[in-house]
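Architecture and fold: a report
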Amino acid sequence: MMKKFFSVRAHAGEVDLVLLLLRIVCGYAFILHGWGKIQNPMGWMGPDAAIPGVFLALAAVAEFFGGIALIIGLFTHLAALGLVITMAVAVFMHAFLLGDPFVHPTGGAAFELGAVYLLVFLLFLVIGPGRFSADHKIFGSKGA
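Cut-offs used in this document
Residues numbered from 1 in each chain as written. Predicted model: local features only at pLDDT ≥ 70, side-chain atom pairs only at ≥ 80, totals over all residues. Heavy atoms only, no water. Helix = DSSP H or I, 4+ residues; strand = E, 2+ residues; numbered from the N terminus. Expected span 1.5 Å × (residues − 1). Buried < 20%, exposed > 50% of the residue type's maximum accessible area, 1.4 Å probe, protein only. Contact = heavy atoms within 4.5 Å. Polar contact = N/O pair within 3.5 Å; in protein donor to acceptor, adjacent residues only side chain to side chain. Axes fitted to C-alpha atoms, helices over the stretch in contact; angles between N-to-C directions. Parallel < 35°, antiparallel > 145°, perpendicular 65-115°, else oblique. Left-handed = near helix turned anticlockwise from the far one by under 90°. Nonpolar A, V, L, I, M, F, W, Y, C, P; charged D, E, K, R; others polar.

**Side note on helix α5 (residues 112-127)**
Here α5 spans 23 Å end to end across 16 residues, near enough to the 22 Å set by a 1.5 Å rise per residue. For α5, every residue scored as buried is listed here: G114, A115, Y117, L118, V120, F121, F124 and I127. In the segment just after α5, G128 is the residue with positive phi, at about 85°.

As structure tokens, this is what we get:
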């Protein structure tokens, strides 16, 4: 069951290289995003946060450890799932609760980057990490 879930779909070599580069860049970004949050996992939004501490901790773990998992390409589907959920909540909050625009004309709060990250992580959830990953080494490949 685990082998089937974590096995990697076969792609052309160029696709695997691009997936590797995308994993490294996004993974590093989320290690940095999650670093401050993991220092105070249940309170990183401050004492007046409307979100319960347990959900803040889940987001901190998803960002920091999910970033590490992406770079390595280990348990990529699971890491991507946590990051998809985290980004979906972030986009929902900024777009609907806070009313931020998709792109702010003067550089203020917006949900464009969150939406882009959401789609990148959805891509990894659907197609996996590519051949240049620990998942491929451990769990092997499956047909496209």
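**Some details on unusual backbone geometry**
Of all residues except glycine, most have a negative phi; of all peptide bonds, most are trans. For F75, which is not a glycine, the phi torsion comes out positive at approximately 55°. By relative accessible area, which is 33% here, F75 ends up partly exposed.

**A look at the environment of H104**
Mapping H104 onto the fold places it in the loop between α4 (76-97) and α5. By relative accessible area, which is 28% here, H104 ends up partly exposed. Those residues in contact with H104 that sit more than four places away from it in its chain are A109 and A110. Looking at H104, its side chain comes within polar contact range of the side chain of T106, at 3.0 Å.

**Let's talk about the packing of helix α2 (residues 13-39) against α5**
For the pair α2 and α5, the least separation of the axes is 12 Å and the interaxial angle reads 125°. Classified by the angle between their axes, α2 and α5 sit oblique to one another. Where α2 crosses over α5, the two elements pack in a sense that is left-handed. Counted together, L19, L22, R23, C26, A29, F30 and H33 of α2 and Y117, V120, F121, L123, F124 and I127 of α5 form the full contact between these two elements. Residues that form the contact of α2 with α5 fall into these classes: eleven nonpolar, one polar and one charged.

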